Amino acid sequence: MADEFKFEITRHFGVISESKAGWKTELNMVSWGDRPAKYDLRSWSPDHSKMGKGLTLTKEELSSLRTLLDGLDLN
């Protein structure tokens, strides 16, 4: 029997959006498979038992993304 997929949300930063079905796109710190937690951006079911595809970033990658976003003209 295969091992169960393990994850733990160690810190919740905030919600970016919410669907009509209640799924929320969130920025969290998540530990995947008992490894050190990384920044994680993905959609989660209301009880956090299911997740959608997402993006996991190191601190350095998140910092680079922030620099790119800060430089965007959203007007």
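Residues numbered from 1 in each chain as written. Predicted model: local features only at pLDDT ≥ 70, side-chain atom pairs only at ≥ 80, totals over all residues. Heavy atoms only, no water.

### Considerations on the UniProt feature "domain: Transcriptional coactivator p15 (PC4) C-terminal" (unreviewed entry) in the chain
Filter applied, for reference: UniProt positions are given in the numbering used here, feature names are shortened, and annotations may be inferred rather than shown by experiment. For helices the rule is a DSSP run of H or I covering at least 4 residues; for strands it is a run of E covering at least 2, with both sets numbered from the N terminus onward.
When the UniProt feature table is mapped onto this chain numbering, "domain: Transcriptional coactivator p15 (PC4) C-terminal" (unreviewed entry) sits at residues 21-67. Secondary structure over residues 21-67 splits into 19% helix and 49% strand, and the C-alpha atoms at its two ends are 33 Å apart.

### Notes on helix α1 (residues 59-70)
The line we're drawing: The span you would expect from a helix comes to 1.5 Å times its residue count less one. Relative accessible area decides the class of each residue, using a 1.4 Å probe on protein chains only: under 20% of the type maximum gives buried, over 50% gives exposed, and in between gives partly exposed.
With 12 residues, α1 ought to run about 16 Å at 1.5 Å a step, and its terminal C-alpha atoms sit 16 Å apart, in line with that. Within α1, only zero of the 12 residues are buried, which leaves it mostly out in the open.

### Let's talk about the packing of aromatic side chains
How two aromatic rings sit relative to each other is given by the distance of their centres and the angle of their planes. What counts is decided by this rule: Under the pairing criterion, centres of Phe, Tyr and Trp rings, with the six-membered ring standing for Trp, must be within 6.5 Å; the plane angle then separates stacked pairs below 30 degrees from edge-to-face pairs above 60, leaving the rest tilted.
Inspection of the entire model under this criterion finds three aromatic pairs. With a centroid separation of 5.8 Å and an interplanar angle of 40°, the aromatic rings of Phe7 and Trp32 are classed as tilted. Here Trp32 lies in strand β2 (residues 24-32) and Phe7 lies in strand β1 (residues 7-18), a separation of 25 residues in the sequence. Residue class for Phe7 comes out partly exposed when judged on its relative accessible area of 28%. Owing to a relative accessible area of 12%, Trp32 belongs among the buried residues under this scheme. Seen in terms of ring centroids, Phe13 and Tyr39 are 5.8 Å apart; in terms of plane orientation they differ by 25°. Their pairing is stacked. Of the two residues, Phe13 is situated in strand β1 and Tyr39 in strand β3 (residues 38-44); the sequence distance between them amounts to 26 residues. The class for Phe13 is partly exposed, based on a relative accessible area of 35%. Members of the aromatic cluster, connected to one another through ring pairs, are Phe7, Trp32 and Trp44.

### Structural notes on the sheet that holds β2
Put simply, the rule is: When DSSP finds at least two bridges between two strands, those strands are taken to pair. Only the contacting stretch of a helix is used when fitting its axis, a line to C-alpha atoms as for every element, and angles between N-to-C directions run 0 to 180 degrees. Whether two residues touch is decided by their heavy atoms; if any such pair falls within 4.5 Å, the residues are in contact.
An order of β1-β2-β3-β4 is seen for the four strands of this open sheet, with the pairing classed as antiparallel. Both outer strands of the open sheet, β1 and β4 (51-57), are each paired with one neighbouring strand and no more. Across the sheet, the axes of successive neighbouring strands diverge by a mean angle of 25°, strand direction being ignored. Pairing between β1 and β2: nine bridges, direction antiparallel. Of the residues in β2, the one forming a bridge with His12 is Asn28. Where α1 meets the sheet, its contacts fall on β3 and β4, and the angle it forms with β4 comes to roughly 90°.

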